[in-house]
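Coordinate inspection notes
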Amino acid sequence: MGEGALTGITLGMALAFAGVHLFVGRVRFLEKTPRSRWLSFAGGVAVGYVFLHVMPELGAHAATFERATGLGAAAAEGWVYALSLLGLALFYGIERAIVSSRGEGRPDAEPSDGIFWLHIGASGLLVAIIAYLLNHREDTSPIGLALFFGAMVLHFVTADFGARSTHPAIYDRWGRWVLAGATLLGWSTGLLVELPQLAIGGLFAFVGGGIILLVLKEELPEDRQSRFLPFLSGAALYAALVLGEVALTSGL
């Protein structure tokens, strides 16, 4: 695939991600109790992405760390997973701050405005890095891009729906625009600035940890009333597509 064509495709993906941030509040059928089947399906796809893409790619980036730093394989792998843990811990801390801001026994109360902006700021950083990495992907095949795009769109739907549910008024007025702007800023930066492979590997590891936490916190808590069969269907479908791509590319 030519560089110009790839740039056009990644721009379209970034615009679609920004569209999710802007318009997720208008998708009314997601606002159901128990949890919408579509949200549980999207969560299943996102979990499939974590296990079939994020975790294997963390191992691949460990090899990059090993070559760039001269560390042994075990030490390089440790640094990659430490960065992933940092991303997971950061977003876990933000989620706990949201819960604490609501107060004990008030799960439906809105968090303080300061906590909301902390949440949006961290989410903006995450989506900006994801958009930056659009222009620095190792797998640029049409199938690989389609699988990544589908998983990320569904992840943003569930993540943005969760963010909006904590503070809908501020999210609709300001938060969605911050996330959309961060997406386009990240994509533009990725087009203009090429970081060393070591830094790109570190960014991916950090993002991987954040995605793992956000995916699991949206699906696992009991108060989400998630639906198991749609969740399983999403994970199974994504796994089948990924394994099919592997079989196709390896000539099996």
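Throughout what follows, the structure given in this document is the object of discussion. (Residues numbered from 1 in each chain as written. Predicted model: local features only at pLDDT ≥ 70, side-chain atom pairs only at ≥ 80, totals over all residues. Heavy atoms only, no water.)

1. Here's the deal with the overall build of the protein chain
Regarding its fold elements, the protein chain presents eight helices and zero strands. Out of the 252 residues belonging to the protein chain, those deemed buried represent 46%. Look at the contacts in the protein chain between residues 6 or more apart in sequence, and 83% of them connect residues 24 or more apart. Roughly 12400 Å² of accessible area belongs to the protein chain as shown, and the carbon and sulfur atoms make up 67% of that amount. (Helix = DSSP H or I, 4+ residues; strand = E, 2+ residues; numbered from the N terminus. Buried < 20%, exposed > 50% of the residue type's maximum accessible area, 1.4 Å probe, protein only. Contact = heavy atoms within 4.5 Å. Areas by Shrake-Rupley, 256 points an atom, 1.4 Å probe, with all protein chains shown as cover.)

2. A closer look at the side chain of His21
Looking at the element boundaries, His21 is found in helix H1 (residues 3-23). Beyond its immediate sequence surroundings of up to four residues, His21 is in contact with Val127, Phe156, Asp160, Tyr171, Arg176, Leu179, Ala180 and Thr183.

3. A word on the packing of helix H4 (residues 113-134) against helix H5 (residues 142-166)
Their axes nearest at 11 Å, the elements H4 and H5 cross at an angle of 170 degrees. One way to sum up the angle between H4 and H5 is to call them roughly antiparallel. Residues Phe116, His119, Val127, Ile130 and Leu134 of H4 form the contact with H5, whose own contacting residues are Phe148, Met152, Phe156, Ala163 and Thr166. For the contact of H4 with H5, the per-class residue count stands at eight nonpolar, two polar and no charged. (Axes fitted to C-alpha atoms, helices over the stretch in contact; angles between N-to-C directions. Parallel < 35°, antiparallel > 145°, perpendicular 65-115°, else oblique. Nonpolar A, V, L, I, M, F, W, Y, C, P; charged D, E, K, R; others polar.)

4. Thoughts on H1
Along its 21 residues, H1 runs 30 Å from first to last C-alpha, staying within 8% of the 30 Å computed at 1.5 Å per residue. Among the residues of H1, those classed as buried are Leu6, Thr10, Met13, Ala14, Phe17, Ala18, Val20, His21 and Leu22. Close packing links the buried residues of H1 with H4, H5 and helix H6 (168-192). (Expected span 1.5 Å × (residues − 1).)

5. Details of the packing of helix H2 (residues 37-69) against helix H8 (residues 228-249)
The geometry of H2 relative to H8 is characterised by a closest axis approach of 6 Å and an angle of 40 degrees between their N-to-C directions. Considering the angle they form, H2 stands oblique to H8. For the crossing formed where H2 meets H8, the hand is right-handed. Contact residues: H2 offers Arg37, Ser40, Phe41, Gly43, Gly44, Val45, Val47, Gly48, Tyr49, Leu52 and His53, while H8 offers Pro230, Phe231, Ser233, Gly234, Ala235, Leu237, Tyr238, Ala239 and Val242. Of the residues contributing to the contact of H2 with H8, the split by class is 12 nonpolar, seven polar and one charged. (Left-handed = near helix turned anticlockwise from the far one by under 90°.)

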